[in-house]
Amino acid sequence: MKKSLTLLVLMVSVLLVMSFSTRADEFTQDDLERWNKAFMTVVEQGEKLFHSPALGRNKVSCDQCHPNAANTHPETYPKFQKQIGKVISLFEMVNWCIRNPLEGDPLAADDPKMIALLAYITYERRGVPLDPGKHYVLVPALKTGYPSASPRTSGSRLFHRARPGTSPRGTSSGTPWISA
Ligand code: HEC
């Protein structure tokens, strides 16, 4: 009797696990379209925030320094950022920019506005391979002809990647950006 009960419990467990795992994998074309629509709605909210002064107190918006969100290099996170002095996630860098250039209040990691910003920034950079830890080295070094290449970036790769003329407005350094 005891043996058959154990067997029954075992069979029921196996059936339960099987039904959960098949259910978890199943989705229809309708589901896909719905999820994609939900995602793109959030991307659009992020795009609006990125181009508006709503996140700060000084009328500055993200696009003034990052005209194209792609130059925020989301694929390089987590990485060490000198402004914060440790390895950080992308949302912490976004908060650094909200707090400093925009003089606004930082957002919680799960704030819908933060999720929208991250969705927009990463969507703009879709298809670029992940490269956590990477740094794009600054252009002024190029003027001297002796770029101080980071350990991850050779001077020649750096030179060919440089696109001067996209400097962030409003930064005291006026350092031009390099985009991949
Ligand atoms: C006044 C100019 C300015 C504004 C406005 C600005 N940023 Fe930045 N942003 C910077 C600077 C300077 C850095 C640091 C670059 C570095 O050290 O890699 C930076 C870095 C970043 C990075 C990391 C880039 C990288 O290559 O690692 C992200 C992400 C970012 N900003 C997002 C934003 C968002 C989102 C906003 C709007 C809320 C914003 N920034 C507004 C100047 C600005």
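Residues numbered from 1 in each chain as written. Predicted model: local features only at pLDDT ≥ 70, side-chain atom pairs only at ≥ 80, totals over all residues.

Trainee: In this structure, what is going on with the overall build of the protein chain? I would like to understand it.
Mentor: Along its length, the protein chain carries six helices and two strands. For the protein chain, the succession of helices and strands along the chain, N to C, is α-α-β-β-α-α-α-α. Counting across all 180 residues of the protein chain, residues that qualify as buried make up 17%. When contacts within the protein chain are restricted to residue pairs at least 6 apart in sequence, those whose partners lie at least 24 apart make up 53%. (Helix = DSSP H or I, 4+ residues; strand = E, 2+ residues; numbered from the N terminus. Buried ≥ 20, exposed ≤ 12 C-beta atoms within 10 Å, placed from the backbone. Contact = placed C-beta atoms within 7 Å.)

Trainee: How should I be thinking about the packing of helix H3 (residues 90–99) against helix H4 (residues 112–124) in this particular structure?
Mentor: Each pair of packed helices gets described by two things: the angle between the helix axes and the distance between those axes. Packing of H3 against H4 leaves a shortest axis separation of 11 Å and a crossing angle of 105°. Here H4 runs roughly perpendicular to H3, going by the angle between their axes. Where H3 abuts H4, its residues Leu90, Phe91 and Val94 lie against Met114, Leu117 and Leu118. Class assignment for the residues of the contact of H3 with H4 results in six nonpolar, no polar and no charged. (Axes fitted to C-alpha atoms, helices over the stretch in contact; angles between N-to-C directions. Parallel < 35°, antiparallel > 145°, perpendicular 65-115°, else oblique. Nonpolar A, V, L, I, M, F, W, Y, C, P; charged D, E, K, R; others polar.)

Trainee: What exactly am I supposed to notice about the site of the ligand here?
Mentor: Lining the immediate surroundings of the ligand are 22 residues, of which Cys62, Cys65, Thr72, Cys97 and Pro101 lie closest. When contributions to the shell around the ligand are tallied by element, the ones reaching two or more residues are H3 and H4. In terms of residue count, the dominant contributor to the shell around the ligand is H3 (five residues). Classifying every residue of the shell around the ligand by side-chain character gives 15 nonpolar, seven polar and no charged. Two domains each put at least three residues into the shell around the ligand: domain 1 (33–134) and domain 2 (135–180). (Near = placed C-beta within 6 Å. Domains from an automatic or database assignment.)

Trainee: Quick question: what am I supposed to make of the nonpolar core here?
Mentor: The nonpolar side chains of a soluble globular protein tend to be buried with one another. Ranked by internal contacts, the top residues of the largest apolar core, which has 18 residues, are Val94, Cys97, Ile98, Leu117 and Tyr120. Going through the elements one at a time, H3 and H4 are the ones with two or more residues in this core. The leading source of residues in this core is H4, at six residues. The contacts of Ile98, once residues within four sequence positions are left out, are Leu55, Gly56, Gly104, Pro106 and Leu107. (Core = buried A, V, L, I, M, F, W, Y, C linked by C-beta atoms within 7 Å.)

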